[in-house]
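Understanding the architecture of this molecule
Here are the chains, one letter per residue:
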Amino acid sequence: MREELLKIKQEAEKALAAATDSAALEQVRVRYLGKKGELTKVSRSMRDIPPEERPVIGRLVNEVKASLESLLEERRQEVERAEKERRLGAEVIDITLPGRVRRPGTPHPLRATLAEIEDVFIRMGFQVATGPEVETDYYNFEALNIPSDHPARDMQDSFYISRDVLLRTHTSPVQIRYMQAHAPELPVKIISPGRVYRRDDDPTHSPMFYQVEGLQVDHGITFGDLKGVLLAWARAMYGEGTRIRLRPSYFPFTEPSAEVDVSCTMCGGEGCRVCKGTGWLEVLGAGMVHPTVLRNGGYDPEKVTGFAFGMGVERIAMLKYGIDDIRLFYANDIRFLRQFGGIGA
Ligand code: PHE
């Protein structure tokens, strides 16, 4: 009996020493100290031994049990400490790793340019007006003095929804819509930014692009007012030294009409690759509002006069940022877009 107990003790001690995790320790505990464990079995077999030996063996059983229990407790603490260290070791937190920063967006270069253009005109007292992108033939052409057989329609081939409804080819229909809604109020002094559409698609032409229309109607508005407003705008946009040049041109809705050039923003007028050696960049069309257009808008051309202009925003943004392909504006490539201003750039 005695030998058996000592053997159990030895075995249990070995098993405890060999157990390296809590699950293994628990197995050892159940095996030796559990309700059906080896030691309990010995206690149960007490009745088979002579009564005089029982106290001695009983004490020995209790000693072995106490010794194993304290050894178990010791091992449990060791094993738990080791397990904790293993866990911590596996999830090392590298505090030098930079956090995940969510970059704020940046203004789209077209939006930024548009905002800058609007800002300059707003400071000169212009109001911002808008009109629909899906337009009728009447507002897009007819009312602007472009009858259906007019050759000027060829320059603005469009996308038709039906015979009389199309995607507007320019922002000029807003001239008519605004005048009709406000006549005979004076002055009319608006800009109208927005999207326009044409059947065009190459590195410098997109089927969808932005324009800013301008219209001022009042008593005694002259061509000089037009030049003054455009020069002030060009200087605010591109710097005080900027000059403008007006070349005779033709639009059915203005008379006289002009193409307006700005002294090259890259070379200052010396001549370079961007201005193709001319020193000038064409940025907009303009002119004095045609009497027919004033009349269609509800104003009397005998009493009031006005000027109008229309500029392409992409072209202005391309010159401002040195972008050589218009399609980059709409490709949504974040590497391109992040290059323009903003906190996240
Ligand atoms: N609507 C013309 C265009 O898109 C530009 C323009 C506007 C010209 C107003 C004169 C006056 O080409």
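All values derive from a computational prediction rather than experimental measurement. (Residues numbered from 1 in each chain as written. Predicted model: local features only at pLDDT ≥ 70, side-chain atom pairs only at ≥ 80, totals over all residues. Heavy atoms only, no water.)

1. Focus: the packing of aromatic side chains
With the rule as written, the count across this model stands at eleven aromatic pairs. Centre to centre, the rings of Phe329 and Phe336 are 6.3 Å apart; their planes meet at 70 degrees, and the pair counts as edge-to-face. Both residues of the pair, Phe329 and Phe336, count as buried. An aromatic cluster of three or more residues is present, and its members are Phe121, Phe126, Trp233, Tyr238, Phe307 and Phe309. Sitting over the ring of Tyr139, Arg177 keeps its end group 4.1 Å from the ring centre. Stacked on the ring of Phe126, the Lys or Arg Lys189 has its end atom at 5.1 Å from the ring centre. (Phe/Tyr/Trp six-rings, centres within 6.5 Å; stacked < 30°, edge-to-face > 60°. Buried < 20%, exposed > 50% of the residue type's maximum accessible area, 1.4 Å probe, protein only. Lys NZ or Arg CZ within 6 Å of the ring centre and 35° of its normal.)

2. Re the nonpolar core
By size, the foremost hydrophobic cluster in this structure holds 45 residues, and its most contacted members are Ile117, Phe121, Trp233, Leu284, Phe309 and Met311. When sequence neighbours within four positions are dropped, the list of residues in contact with Phe309 reads Phe121, Ile191, Val212, Glu213, Gly214, Leu226, Leu230, Leu284, Gly285 and Ala286. (Core = buried A, V, L, I, M, F, W, Y, C linked by side-chain atoms within 4.5 Å. Contact = heavy atoms within 4.5 Å.)

3. Remarks on the domain arrangement of the protein
When cut into domains, the protein gives domain 1 (2-90) and domain 2 (109-340). The centre of domain 1, based on its C-alpha atoms, is set 94 Å off from the matching centre of domain 2. (Domains from an automatic or database assignment.)

4. Considering the environment of Val289
With respect to the helices and strands, Val289 occurs in strand 9 (residues 280-289). Apart from residues no more than four positions distant in its own chain, Val289 is found in contact with Leu215, Phe253, Thr254, Leu294, Gly306, Phe307 and Ala308. (Helix = DSSP H or I, 4+ residues; strand = E, 2+ residues; numbered from the N terminus.)

5. So, the site of the ligand
Contacts to the ligand come from 15 residues, most closely from His170, Ser172, Arg198, Gln211 and Gly310. Contacts to the ligand include His170, whose side-chain N or O atom sits 3.0 Å from a nitrogen atom. One nitrogen or oxygen atom from the side chain of Gln211 is found 2.9 Å from an oxygen atom belonging to the ligand. If the ligand stood free it would expose 330 Å²; the protein chains cover 92% of that surface. Breaking the shell around the ligand down by element, the ones donating at least two residues are strand 6 (208-218), strand 9 and strand 10 (305-312). (Near = heavy atom within 4 Å. Polar contact = N/O pair within 3.5 Å; in protein donor to acceptor, adjacent residues only side chain to side chain. Areas by Shrake-Rupley, 256 points an atom, 1.4 Å probe, with all protein chains shown as cover.)

6. What to know about the packing of helix 5 (residues 109-123) against helix 8 (residues 223-238)
When two helices pack together, their arrangement is captured by the angle between the axes and the distance separating the axes. Taken N-terminus to C-terminus, the directions of helix 5 and helix 8 make an angle of 130 degrees; their axes are 10 Å apart at the nearest point. With respect to helix 8, the axis of helix 5 lies oblique. At the point where helix 5 passes helix 8, the crossing takes the right-handed sense. Side by side, helix 5 and helix 8 meet where Thr113, Glu116, Ile117, Val120 and Phe121 of the first sit next to Val229, Trp233, Ala236 and Met237 of the second. Class assignment for the residues of the contact of helix 5 with helix 8 results in seven nonpolar, one polar and one charged. (Axes fitted to C-alpha atoms, helices over the stretch in contact; angles between N-to-C directions. Parallel < 35°, antiparallel > 145°, perpendicular 65-115°, else oblique. Left-handed = near helix turned anticlockwise from the far one by under 90°. Nonpolar A, V, L, I, M, F, W, Y, C, P; charged D, E, K, R; others polar.)

7. Details of the pairing of strand 7 (residues 244-251)
Relative to strand 8 (residues 254-263), strand 7 is paired through seven bridges, and the arrangement is antiparallel. Paired with Leu246 across the bridge in strand 8 is Val260. Joining the antiparallel neighbours strand 7 and strand 8 is a turn of two residues. (Pairing = 2+ DSSP bridges.)

8. So, unusual backbone geometry
Between Ala183 and Pro184 the backbone carries a cis peptide bond, its omega angle lying at 5 degrees. Looking at the secondary structure, you find Pro184 in the loop between helix 7 (173-182) and strand 5 (188-197). The peptide bond linking Leu186 to Pro187 adopts the cis configuration, its omega dihedral lying at -5 degrees. Residue position: Pro187 is located in the loop between helix 7 and strand 5. The backbone of Lys276 shows a phi angle near 50 degrees, a positive value even though the residue is not glycine.

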